[in-house]
Amino acid sequence: FEGRARLLERSYNSVSATVEALSSGDLVVEEGICVLYSGSRSLYYLLWRDDKADYAKTFFMWSCDQAICLGPVGHEDAFEGIVQLLPKDEFVSVSETVSALNLGQLSIDEGCCVVFSDAQQLYFLLYRTDKEADITSRFPPWQSPDDDQ
């Protein structure tokens, strides 16, 4: 976010308190977008005004909203040889994988990959924002037989 959004001083270290300060006018961020560091969580948070939502999305190319369910074990033919399957012993969660991608801990040059969710026992295709049109046209979401009832 360096050069793209202002990092607030360390006294702003709570998301709720910072949002309250922004809403009340006690804190003014002319740019409409800023970053704060939460010491208690050891995480950075991006805050933005409604009119900056599209710009804020460019900070994170990967999102849990950009995940297509490809089905359970036995449906590997939907992606095998087409999209990289991440190691099942390393990547076991959609949200954790998205975080790793956004933090640069994992790099996928192709812009899409498949992760197996241990909790849901399903494969999910994750894709970068710049790949949405291509991916959604090529990979229809899996429909559970239970969905037809």
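For the structure, check the block above.
Report on the accompanying structure. (Residues numbered from 1 in each chain as written. Predicted model: local features only at pLDDT ≥ 70, side-chain atom pairs only at ≥ 80, totals over all residues. Heavy atoms only, no water.)

## Concerning the sheet that holds strand β5 (residues 112–117)
Right, so step 1: With antiparallel pairing, the three strands of this open sheet are ordered in space as β4-β6-β5. Strand pairing shows two members of the sheet lacking a second neighbour, β4 (67–71) and β5, which therefore form its edges. Each neighbouring strand pair of the sheet contributes to a mean axis angle of 30°, computed without reference to strand direction.
Right, so step 2: Bridge count between β5 and strand β6 (residues 122–127): six bridges; the pairing is antiparallel. Bridging from a neighbouring strand, C113 pairs with L126 of β6.
Right, so step 3: Its contacts with the sheet place helix α3 (residues 94–102) against β4, β5 and β6, and it is angled at close to 25° to β6. (Pairing = 2+ DSSP bridges. Helix = DSSP H or I, 4+ residues; strand = E, 2+ residues; numbered from the N terminus. Axes fitted to C-alpha atoms, helices over the stretch in contact; angles between N-to-C directions. Contact = heavy atoms within 4.5 Å.)

## Concerning the packing of aromatic side chains
Right, so step 1: This structure, assessed with the given rule, holds four aromatic pairs.
Right, so step 2: Relative to Y123, the ring of F79 lies with its centre 4.9 Å away and its plane at 55°, an arrangement referred to as tilted. Here Y123 lies in strand β6 and F79 lies in the loop between β4 and α3, a separation of 44 residues in the sequence.
Right, so step 3: Taken together through their ring pairs, the aromatic side chains of F79, F116 and Y123 make up a single cluster.
Right, so step 4: For R4, the ring lying beneath its charged end belongs to F59, and the centroid distance is 4.1 Å. (Phe/Tyr/Trp six-rings, centres within 6.5 Å; stacked < 30°, edge-to-face > 60°. Lys NZ or Arg CZ within 6 Å of the ring centre and 35° of its normal.)

## Points about the side chain of T97
Right, so step 1: Looking at the secondary structure, you find T97 in helix α3.
Right, so step 2: Discounting chain neighbours no more than four positions away, the residues touching T97 are L86, F91, L106, V115 and L126.

## Some details on the pairing of strand β2 (residues 33–38)
Remember that side chains alternate between the two faces of the sheet whenever the strand is regular.
Right, so step 1: Among the six residues of β2, five are classified as buried, and the element is accordingly described as predominantly covered.
Right, so step 2: The pairing of strand β1 (residues 6–7) with β2 spans two bridges and is parallel. Opposite R6, over in β2, you have C34 as the bridge partner.
Right, so step 3: In this fold, β1 hands off to helix α1 (residues 15–24), which returns the chain to β2; that crossover is right-handed.
Right, so step 4: Strand direction decides the pairing type here: β2 and strand β3 (residues 43–48), joined by six bridges, are antiparallel. Bridge pairing in β3 links Y37 to Y44. (Buried < 20%, exposed > 50% of the residue type's maximum accessible area, 1.4 Å probe, protein only. Right-handed = clockwise from strand over helix to strand, strands pointing away.)

## Focus: the layout of surface pockets
Right, so step 1: Each pocket or cavity is described by its volume, and for the largest pocket that value is around 860 Å³.
Right, so step 2: If you list the elements that add at least two residues to the lining of the largest pocket, you get β3, α2 (53–57) and α3.
Right, so step 3: With five residues, the top contributor of residues to the lining of the largest pocket is β3.
Right, so step 4: Within the lining of the largest pocket, the residues separate by chemical class into 14 nonpolar, seven polar and two charged.
Right, so step 5: The volume enclosed by the second largest pocket comes to roughly 220 Å³.
Right, so step 6: L22, S23, G32, W48 and R49 are, among the 14 residues lining the second largest pocket, the residues nearest its centre.
Right, so step 7: Going through the elements one at a time, α1, β2 and β3 are the ones with two or more residues in the lining of the second largest pocket.
Right, so step 8: Of the residues belonging to the lining of the second largest pocket, the class tally is nine nonpolar, three polar and two charged. (1 Å grid on protein atoms, 1.4 Å probe; cavity = no way out; pocket = protein on both sides within 12 Å on 5 of 7 lines; lining within 4 Å. Points joined across faces, edges and corners; volume = space filled by probe spheres on them. Nonpolar A, V, L, I, M, F, W, Y, C, P; charged D, E, K, R; others polar.)

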